[in-house]
Amino acid sequence: MTRDLTSGSPLKVIALFTLPLVLGNLFQQFYSLADTIIVGRFVGVSALASVGATGSVNYLILGFVIGVCNGFAIPIAQYFGARDMQGLRRCVANAGWLCLGGSVVLTVATVALTRPIMALMQTPADIIDGACTYIGWIFAGIPFVFLYNMVSAIMRALGDSKTPLYFLVLTSALNVGLDLYFIIVFDMGVFGAALATDLSQAISGVASFVYMLRRFTMLRMQPGETRPDRAISARLLGMGLPMGLQCSITAIGSVIMQSAVNMLGSVAVAAVTAAGKTQNLLTVPLESVGTAMATYAGQNLGASRLGRIRRGTRSAMVLVVGYSLAALVALHYCDVLIIGLFLDTAAEVTIVSMAREYMFWNSLFFIPLGALIVWRYVIQGLGYATLAMMAGVAEMVARIAVAVALVPWLGYFGAELSNPAAWVAACLFLLPAYRWTTGQLANRMHARRLAALHKLGLQENRPR
């Protein structure tokens, strides 16, 4: 089912489109959390730290994959908004070829470099073997990460945010079941957790691809439309690579920050892991609004409705501010309950206390986080992916500065300030960037309108 986001109340259509994304992203978080929860509860704190130590490098690589797929979907959304079905199909076909080639190269490179990367991050000696085992097998599943995320991004570009949710439910259930089976029944530890993730991703990716081919008739290729096209591929890479690099650049700062935390010891790593996973759950709605805004901006740009994009951005800001305040209040009462998913809170009192403190300082800055997400995704949807990527540079620089200057001085409290510093730095860049991009597009649209009127021998009527 496709959805046209170029008409109706912006607040209403964004909220309705976002809701399935929230549910889907919650399942995706739970899907990724299953490894952490089950390992932490049934294998132990050391295994939890092993999985947690891979979090930033995991995001560095898999975040790149997800960013590339979301970037590829923006031209697809623009073709759909312009009702150019032939261009849409050719764009989808070329995106598929690029994903196939990228998955092969990235899988080989990351699997080969797993241990050097973890050693470079100064992973504690007592957890490095488990960390390498876990992340190495996660990287082996990169082709299926490409497959699922590309199919989901295409569906969202066509306005269908519900179907990816259904496949995420399936994937989450499979991952939890396989985690329990491999870890508890066969005592496979962190290797079992990684294997469960790979198998569930493979099943979800293949099933969603088959579904898309059967149900979206507009994507049925005509003769010649599946051929690789240099111009279309260049356009896709011009959007996909900056968005993928944006995630990776942001993650570089997180990798360096993780290295600084690693030097504080396994207890600090476990605390940041539990707090970070809890925070990821709470910020799902913010990320979902951002994902919705990329599709919203792309479709409305294709329909040349810039004013509607601005109104939608304001509506999205209302949503993220309201949610951020509610999340801050909820976290005050529920933080220990959520941390209890990962740890025995009665036995690990020190880790729980450190995790609560970490989440408190981060939650105070959820509004800047929500604002940067909205501005970034709108800029991406408008086609300025490189500009949006620069916000990732701002985040990276801020995190590196905190890791280098504050963590050695303030210790664990310095690590708690890493995310807030990065979010504020990104906002300081993105607000003027958003205003500049919308101004540039307004000038271009006005120039095209004047040219069209001149061609017809008419003049523009201006209000007096």
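Residues numbered from 1 in each chain as written. Predicted model: local features only at pLDDT ≥ 70, side-chain atom pairs only at ≥ 80, totals over all residues. Heavy atoms only, no water.

K.L.:
Pulling in residues and values, what's your account of the packing of aromatic side chains?
P.N.:
Tallying each qualifying case throughout the model produces 8 aromatic pairs. Plain terms: the ring middles of Phe360 and Trp361 are 5.4 Å apart, the flat faces sit at 75° to each other, and that makes the pair edge-to-face. We classify Phe360 as partly exposed; its relative accessible area is 44%. Where Trp361 meets Phe413, the ring centres are 5.5 Å apart and the plane angle is 70°; that geometry is what we call edge-to-face. Here Trp361, found in helix 14 (residues 349–363), pairs with Phe413, found in helix 17 (residues 412–416); they are 52 residues apart in sequence, far enough to count as distant. Ring pairs connect the aromatic residues Tyr181, Phe182 and Phe186, which therefore count as one cluster. Lying across the ring of Phe80, Arg83 places its NZ or CZ 5.2 Å from the centre. The cationic tip of Arg235 hangs over the ring face of Tyr79; the distance from NZ or CZ to the ring centre is 4.9 Å. (Phe/Tyr/Trp six-rings, centres within 6.5 Å; stacked < 30°, edge-to-face > 60°. Buried < 20%, exposed > 50% of the residue type's maximum accessible area, 1.4 Å probe, protein only. Helix = DSSP H or I, 4+ residues; strand = E, 2+ residues; numbered from the N terminus. Lys NZ or Arg CZ within 6 Å of the ring centre and 35° of its normal.)

K.L.:
I'd like a rundown of the nonpolar core, residues and numbers included.
P.N.:
Counting 68 residues, the largest nonpolar core has Met257, Leu372, Val378 and Leu382 as the members making the most contacts within it. For this core, the leading source of residues is helix 15 (residues 366–381), giving 10 residues. Counting 52 residues, the second-largest nonpolar core is a separate cluster that includes Ile76, Phe80, Ile154 and Ala193. (Core = buried A, V, L, I, M, F, W, Y, C linked by side-chain atoms within 4.5 Å.)

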